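# Close look at the chain arrangement
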Amino acid sequence: MMVKGYIDHSTLGRVIVTVNPRARRFTARWKGVQLHLTVPAGVNVASTTRALDTMAVKLLASKPSPYDIEPGRRIDFDYFFIVFGRSAVPDEVRSRLVHDESGRRGVEIAIGSALDPSDRGVEKLLAKHMRHAARFFASHLLDEAVAVSSRLGVAPAGWSVGSGAGRLGSCGADRHISISCMCVFLPYRLREYIICHELAHLTHFDHSAEFHALCSRYCGGDGTARRAELKSFRWPVPR
């Protein structure tokens, strides 16, 4: 069982700490501008603080800049766009479907003038609206998945789109594959990698060397490169 808490570090600020009994070492990851730390079971606060002290310089160097979600900014994705506007109500965030001059569909997210987009609470609220937009346009992911599956000649028992932000894909023991709606924010090259990753699980239900070799073959031989690109991908929305 994993347990969550936090530590206020003198240099890194508030750090979300997750105790994982299966963890063997300290691992840290930025999710937006929020730092998350996974620690092994039985580790005390003093040891955790010392670990953060040791990692602080490297972590600060890799800290992503705040999300650029100021009113007036537009972000284009393959199937839609998101544009940020200003809400007439100072303390609220609203979203609605819109079309641009060319007829392309998108979502406008309007931010109240009293809200600071860089505030962590407001950032979470904006992320919620962006995930709603992702779910609305996520049906395109199923069309892509079926196309990749047909090209490779590998078919699951069924496809579905999930709403979770943590896992981008999953393959169950029943051979049913789910792709997260969050994948609409990725370029096609990385969406295809996730689809191939889950299709490879139909043959190898693990992450063995054989699994990675098959996944890479499905990706045309560059699965390792795509996996690295996915890990370093700058998401336009906090996950």
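Described below are features of the structure shown in this document. (Residues numbered from 1 in each chain as written. Predicted model: local features only at pLDDT ≥ 70, side-chain atom pairs only at ≥ 80, totals over all residues. Heavy atoms only, no water.)

### Describing the packing of aromatic side chains
The full count for this structure, using the stated rule, is six aromatic pairs. Between Phe-77 and Phe-185, the aromatic rings sit 5.0 Å apart at their centres with planes inclined by 65°, giving edge-to-face as the arrangement. With Phe-77 in the loop between strand 5 (74-76) and strand 6 (81-87) and Phe-185 in the loop between strand 11 (176-180) and helix 4 (188-200), this pair connects stretches of sequence that are 108 residues apart. Judged by relative accessible area, Phe-77 falls into the buried class, the value being 10%. According to the relative accessible area criterion, Phe-185 is buried, its value standing at 3%. Seen from their ring centres, Phe-80 and Phe-137 are 4.6 Å apart, and the 5° between their planes marks the pair as stacked. Here the residue Phe-80 occupies a position in the loop between strand 5 and strand 6, and Phe-137 occupies one in helix 2 (residues 120-137), the gap between them amounting to 57 residues. Here Phe-80 and Phe-137 have matching classes, each one buried. Among the aromatic side chains, those forming a connected cluster through ring pairs are Phe-77, Phe-80, Phe-136, Phe-137 and Phe-185. (Phe/Tyr/Trp six-rings, centres within 6.5 Å; stacked < 30°, edge-to-face > 60°. Helix = DSSP H or I, 4+ residues; strand = E, 2+ residues; numbered from the N terminus. Buried < 20%, exposed > 50% of the residue type's maximum accessible area, 1.4 Å probe, protein only.)

### Remarks on the pairing of strand 11
A regular strand places its side chains so that they alternate between the two faces of the sheet. Within strand 11, four of the five residues are buried, leaving the element largely enclosed by the surrounding structure. With five bridges joining them, strand 9 (residues 158-162) and strand 11 adopt parallel strand pairing. From the neighbouring strand, Ser-160 faces strand 11, where its bridge partner is Ser-178. Pairing of strand 10 (residues 169-171) with strand 11 involves three bridges; the strand directions are antiparallel. Pairing of Ser-170 across the sheet is with Ser-178, part of strand 11. Two successive antiparallel strands, strand 10 and strand 11, enclose a turn made up of four residues, where Arg-175 displays a positive phi of approximately 65°. (Pairing = 2+ DSSP bridges.)

### Side note on the sheet that holds strand 2 (residues 13-20)
Ordered by their spatial adjacency, four strands build an open sheet running 1-2-4-3, and the pairing between neighbours is mixed. For this open sheet the edge positions go to strand 1 (3-9) and strand 3 (27-31), each flanked by a neighbour on one side alone. Pairwise comparison of adjacent strand axes, ignoring direction, gives a mean angle of 30° for this sheet. Note that strand 2 and strand 4 (residues 34-40) share six bridges and pair parallel. What sits directly across from Thr-18, in strand 4, is Thr-38. On top of the sheet, helix 1 (residues 45-61) reaches strand 1, strand 2, strand 3 and strand 4; it is set at about 65° to strand 1, its chief contact. (Axes fitted to C-alpha atoms, helices over the stretch in contact; angles between N-to-C directions. Contact = heavy atoms within 4.5 Å.)

### Quick notes on helix 2
With 18 residues, helix 2 ought to run about 26 Å at 1.5 Å a step, and its terminal C-alpha atoms sit 26 Å apart, in line with that. Every buried residue of helix 2 is listed here: Val-122, Glu-123, Leu-126, Ala-127, His-129, Met-130, Ala-133, Ala-134 and Phe-137. Down the axis of helix 2, the sector holding all buried residues measures 165°, keeping them to one side. In the core, the buried residues of helix 2 are packed alongside strand 6, strand 7 (93-99), strand 8 (105-112) and helix 3 (139-152). (Expected span 1.5 Å × (residues − 1). Arc of directions from axis to C-beta.)

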